[in-house]
Number of protein chains: 2
Amino acid sequence: MDGTALIYSHGLLHTVHAKTSHGLIRGSDRYRILGAVDPANAGRDAGEVLDGRRRDLPVFASLQEAAAQGCRPDFLIIGIASAGGRLDPEWMPAIREALQAGISVVCGMHEFLSDQPELAALAAASGARLVDVRKPKPRTELHFWTGEILSISTPVIALLGTDCAIGKRTAARMLTEACRAAGIRSEMIFTGQTGWMQGGRYGFVLDSTPNDFVSGELEHAIVSCCREQQPDVIFLEGQAALRNPSGPCGSEYLVSGGARHAILVHAPARTYYKGWEHLDLRIPPVSSEIELIRRYGAEVIGLALNTQKLDWAAAEHWQAQLQSELGLPVALPVEAGVEPLVEAVRALLSAR
Amino acid sequence: MDGTALIYSHGLLHTVHAKTSHGLIRGSDRYRILGAVDPANAGRDAGEVLDGRRRDLPVFASLQEAAAQGCRPDFLIIGIASAGGRLDPEWMPAIREALQAGISVVCGMHEFLSDQPELAALAAASGARLVDVRKPKPRTELHFWTGEILSISTPVIALLGTDCAIGKRTAARMLTEACRAAGIRSEMIFTGQTGWMQGGRYGFVLDSTPNDFVSGELEHAIVSCCREQQPDVIFLEGQAALRNPSGPCGSEYLVSGGARHAILVHAPARTYYKGWEHLDLRIPPVSSEIELIRRYGAEVIGLALNTQKLDWAAAEHWQAQLQSELGLPVALPVEAGVEPLVEAVRALLSAR
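Caption draft 1: Local environment of the overall build of chain A. Scanning chain A from terminus to terminus reveals 13 helices and 12 strands. Here chain A has a C-alpha radius of gyration of 20 Å; the compact-globule value for 352 residues is 20 Å, and the two agree. Each of the three principal axes of chain A carries a C-alpha extent, and together these read 60 × 50 × 45 Å. Every one of the 352 residues in chain A was classed for burial, and the buried ones make up 59%. Of the contacts formed within chain A by residues at least 6 apart in sequence, a portion of 72% connects residues at least 24 apart. When the accessible surface of chain A is split by element, carbon and sulfur atoms take 49% of a total near 13,700 Å².

Caption draft 2: Structural context of the sheet that holds strand S8 (residues 186–189) of chain B. All names here are of chain B. The strand order S8-S9-S7-S10-S11-S12 describes an open sheet built from 6 strands, whose pairing is parallel. With one partner strand each, in any of the chains shown, S8 and strand S12 (330–331) form the two edges of the open sheet. Pairing analysis gives 5 bridges linking strand S7 (residues 156–161) to strand S10 (residues 261–266), with the strands arranged parallel. Residue pairing in the sheet places Leu159 in a bridge with Ile263 of S10. Sheet strands in contact with helix H6 (residues 168–181) are S7, S8, strand S9 (233–237), S10 and strand S11 (299–305), and its direction is about 165 degrees off that of S8. Contacting S7, S9, S10, S11 and S12, helix H13 (residues 339–350) crosses the sheet at an angle of about 165 degrees to S11.

Caption draft 3: Summary view of the packing of aromatic side chains. Scanning the model with the defined rule gives 6 aromatic pairs over all chains in all. Their ring planes at 80 degrees and their centres at 4.8 Å tell us that Trp276 of chain A and Trp145 of chain B sit as a pair that is edge-to-face. Of this pair, Trp276 of chain A sits in the loop between strand S10 (261–266) and helix H10 (286–295) while Trp145 of chain B sits in the loop between strand S6 (130–132) and S7, on two different chains. Neither residue differs from the other here; Trp276 of chain A and Trp145 of chain B are each classed as buried. One cation-aromatic arrangement involves Arg30 of chain A over Trp196 of chain A; the distance from NZ or CZ to the ring centre is 3.8 Å.

Caption draft 4: Fine view of the side chain of Arg173 of chain A. In this structure, Arg173 of chain A sits in helix H6 (residues 168–181). With residues up to four places along the chain from it excluded, the contact list for Arg173 of chain A reads Gly27, Ser28, Asp29, Met188 and Gln198 of chain A.

Caption draft 5: Region of the structure containing the interface of chain B and chain A. Across the boundary between the two partners, chain B contributes 42 residues, which contact 42 residues of chain A. With both chains or domains summed, chain B and chain A bury close to 3,400 Å², and 57% of this area falls on carbon and sulfur atoms. The largest per-residue losses of area from chain B upon contact with chain A belong to Arg139, Asn211 and Arg295 of chain B, which jointly make up 19% of the total buried on that side. Note that Asp212 of chain B is salt-bridged to Arg134 of chain A, the shortest N-O span being 3.9 Å. Put simply, chain B and chain A have 17 residue pairs in polar contact (both at pLDDT 80 or more) between them. When residues of the side of chain B that touches chain A are traced back to their parent elements, those giving at least two are helix H8 (214–229), helix H9 (251–255) and helix H10 (286–295) of chain B.

Caption draft 6: The arrangement of the pattern of salt bridges in detail. Applying the stated rule across the entire model yields 38 salt bridges over all chains. When the shortest N-O distance is used, the salt bridge between Arg295 of chain A and Glu291 of chain B registers 3.9 Å. Of this pair, Arg295 of chain A sits in helix H10 while Glu291 of chain B is found in helix H10, placing the two residues in two different chains. With a relative accessible area of 25%, Arg295 of chain A lands in the partly exposed category. Lys137 of chain B is the salt-bridge partner of Glu217 of chain B, the closest N and O atoms lying 2.8 Å from each other. Of this pair, Glu217 of chain B sits in helix H8 while Lys137 of chain B is found in the loop between S6 and S7, placing the two residues 80 residues apart along the sequence. Classification of Glu217 of chain B by relative accessible area gives buried; the value is 3%. Looking at Lys137 of chain B, the relative accessible area reads 36%, which means it is partly exposed. Among the charged side chains, a salt-bridge network with shared partners connects Glu291, Arg294 and Arg295 of chain A together with Glu291, Arg294 and Arg295 of chain B.

Caption draft 7: View of the sheet that holds strand S5 (residues 104–107) of chain A. All names here are of chain A. Overall, parallel pairing links the 6 strands, which are arranged S3-S2-S1-S4-S5-S6 in an open sheet. Lying at the two open borders of the sheet, with one neighbouring strand each, are strand S3 (59–60) and strand S6 (130–132). Of the pairings in the sheet, the one linking S5 to S6 comprises 3 bridges and is parallel in character. Following the sheet pairing, Val105 is matched in S6 by Leu130.

Caption draft 8: Geometry of the relation of the copies chain B and chain A. In screw terms, the move from chain B to chain A is a rotation of 180 degrees and a rise of 0.0 Å along the axis, fitting with an RMSD of 0.0 Å. Given the turn and translation reported, the copies of this chain are related as if by a two-fold rotation axis. No C-alpha of chain B approaches the rotation axis more nearly than that of Pro210 of chain B, which lies at 2.1 Å. Taken as a fraction of all interface residues of chain B, those also at the interface in chain A reach 100%, which identifies the copy contact as same-surface.

Caption draft 9: Summary view of the pairing of strand S7 (residues 156–161) of chain A. Residue and element names in this part refer to chain A. For S7, the tally of buried residues reaches 6 of 6 residues, placing the bulk of the element in the interior. Residues Val156, Ala158 and Leu160 of S7 are buried on one face, and the alternating residues Ile157, Leu159 and Gly161, pointing to the opposite face, are buried as well. Sheet analysis places S7 next to strand S9 (residues 233–237), joined by 4 bridges and oriented parallel. Looking at the pairing, Ile157 lines up with Phe235 of S9.

Caption draft 10: Expanded view of the environment of Ala125 of chain B. Among the structural elements, Ala125 of chain B can be located in helix H5 (residues 117–126). Considering only alpha carbons, one finds Ala125 of chain B and Gly52 of chain B, 73 residues apart in sequence, at a separation of 41 Å.

Caption draft 11: Seen up close, the confidence of the model for chain A. Averaged over every residue, the pLDDT of chain A is 96; residues scoring 70 or more account for 100%. The ipTM assigned to the predicted complex is 0.94, against a pTM of 0.95.

Caption draft 12: A look at the environment of Leu206 of chain A. For Leu206 of chain A, the location among the structural elements is in the loop between helix H7 (193–197) and helix H8 (214–229). Considered as a pair, Leu206 of chain A and Thr194 of chain A are 12 residues apart in the sequence and their alpha carbons are 12 Å apart. If we skip the residues at most four places from it in the chain, Leu206 of chain A touches Thr191, Val214, Gln239, Cys249 and Tyr253 of chain A together with Asn211 of chain B.

Caption draft 13: Representation of the packing of helix H4 (residues 92–100) of chain B against H5 of chain B in the model. Residues and elements named next belong to chain B. Orientation of H4 relative to H5, taken along the N-to-C sense of each, is 25 degrees, at an axis distance of 8 Å. When the axes of H4 and H5 are compared, the pair comes out roughly parallel. Taking contact as the criterion, the partners of Met92, Ile95, Arg96, Leu99 and Gln100 in H4 are, on H5, Glu118, Leu119, Leu122, Ala123 and Ser126. Residue composition of the contact of H4 with H5, by class: 6 nonpolar, 2 polar and 2 charged.

Caption draft 14: Fine view of the side chain of Gln193 of chain B. Residue and element names in this part refer to chain B. Here Gln193 shows up in helix H7 (residues 193–197). Judged by its relative accessible area of 15%, Gln193 is buried. Contacts of Gln193, omitting those with residues within four sequence positions, involve Gly108, Val133, Arg134, Val205 and Asp207.

Caption draft 15: Representation of the state of the cysteines within the structure. On inspection of all chains with the given rule, the structure shows 0 disulfides over all chains. Free of any disulfide, Cys249 of chain A has its nearest cysteine sulfur in Cys164 of chain A, 9.2 Å distant.

Cut-offs used in this document
Residues numbered from 1 in each chain as written. Chains lettered and ligands numbered in written order. Predicted model: local features only at pLDDT ≥ 70, side-chain atom pairs only at ≥ 80, totals over all residues. Heavy atoms only, no water. Helix = DSSP H or I, 4+ residues; strand = E, 2+ residues; numbered from the N terminus. Rg over C-alpha atoms; globule rule 2.2 N^0.38 Å. Buried < 20%, exposed > 50% of the residue type's maximum accessible area, 1.4 Å probe, protein only. Contact = heavy atoms within 4.5 Å. Areas by Shrake-Rupley, 256 points an atom, 1.4 Å probe, with all protein chains shown as cover. Pairing = 2+ DSSP bridges. Axes fitted to C-alpha atoms, helices over the stretch in contact; angles between N-to-C directions. Phe/Tyr/Trp six-rings, centres within 6.5 Å; stacked < 30°, edge-to-face > 60°. Lys NZ or Arg CZ within 6 Å of the ring centre and 35° of its normal. Buried area = accessible area lost by both parts, 1.4 Å probe. Salt bridge = Lys/Arg side-chain N within 4 Å of Asp/Glu carboxyl O. Polar contact = N/O pair within 3.5 Å; in protein donor to acceptor, adjacent residues only side chain to side chain. Least-squares fit on C-alpha atoms with pLDDT ≥ 70 in both. pLDDT = per-residue confidence, 0-100. Parallel < 35°, antiparallel > 145°, perpendicular 65-115°, else oblique. Nonpolar A, V, L, I, M, F, W, Y, C, P; charged D, E, K, R; others polar. Disulfide = S-S within 2.5 Å.

Okay, structure coming up:
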């Protein structure tokens, strides 16, 4: 572990903008999460804010309040997204306060803390570190695709989604843990900054990688994981969606990452690509996404539903309907776990 | 124009490794090409080496020999590819010689000239410049996708290919020129380093762009071109291939770049993805590629054939066969021009 951490979510902890915070509340092997700093939710429990389940993670109004209550973390992690991955000027007071107190700041934006002379000076003065998770590796450390993936016999399952911010990483993590609990040696390849913050050992930050190296970095992560851990199955954290116009992604997993199987994460109540409602950009039907994935040579073996804006009855209705319509197991991960998908994975492994 | 240039191709001018050289021999609006430096082909004409057509571009054995014959360019352009986009140590003597003589060096590798202290010192001493075409823009200058592309009514046609190094850029350039000659106001968006070297005004180097910005840079190039030039049609230079495992590319053009139509470049004699013959990685059938493109919402309106390893009879046979099999116009650009595709573009425009 790198140390203890508070999550900074700038009053947005209860919103989808805080998906990095949500991932860290669900669990991290890199940082021991102590709680959150979020004035709008101060006094509550961060787990309760997320999904109603207490996790003994207090939410403080400020770093100062946390310190007054004896909570002095090693790190402050920026747990919110901004438009364009920019550093929001409104976060600066909290970042400065942390650095002045010697607390290192972890940030997954495209704009880097270490490029801000003022922050670099504050960090240097107090001995705090600036951790820019999306800073790309130097080119000499990046990998090209070699074809080594073809020698891997471990089944690779991609967690793809019909949209961004829909639960691909969460489903991948839950599946990895549930499969392990069921005696299946499972590993997850992270592909985003939150996955890194959660302590993923194998993976890379896909969206900040120069395009030419995406397939090679993906291959390298999978091959290294297989060689070192010899798992029974590997889950790949997907990014975006195959046809999301703001940045399509997914075919790399199927053609370069050797994923012959996929699990599709879908939100039945979401009609438009998130953030593009005003442009009438509609998410295609699930069946058409499954067919597109099939054209890339991979088979969808199950669905995971994001139940955002659905009550329990509606969620169960969609689960039953999609199950019968597609003839595939459909899980409600957050509400009811991923058991149906663990069964699908087990069936896949025993059929080999 | 930036100035005069000699192309450096390190004895490989007659091979597919020199595809950047080949593009520059075909034409550049950025550099006035004076000839090439290539010991293996010294004394010949660079155009003749390329495709048998003289272009009055002498090939010299060295920069020294060029200078002895009165040829003193402003730039030396590295016109060959290397494994992994590395700077090949074997090129260094020629690069040093250029810099010492005050000749600037242009390079499209992933490894940068300006990162080599020795070269930077030589350039500084002589006043020569180091032009690293693949050096990414600072993040603050990169664009995210905004959806502005949806307001563009100009037809956008993507030049996709069934493989890398198959003639997508050449076909795009020929089509742009042929359409202009036919009275159709045409623009081309470049997406690679050679396109930049050829003087493309709109475009970006896709493969060195951080993945998150690819769709936005593409959109920005198209929208800027439409606003400023108001063309009748836009051709997009494709990269790689939708299912090339070493780096799939193409869906960005269809889902983010607003391309509703595509022209597919195909090499009938190529069975395997170039460079992956030893791994038995086969190129899928053309019909399956057309269907995959259709799944992304775009229609293939014609084919351009790369006739590598085909004699004239075989080329004509493939042209006729694919034409009848697919019901699409099929051009042999290098041998017979792109007229059948200009007709397809004209039909598309008049049907609107």
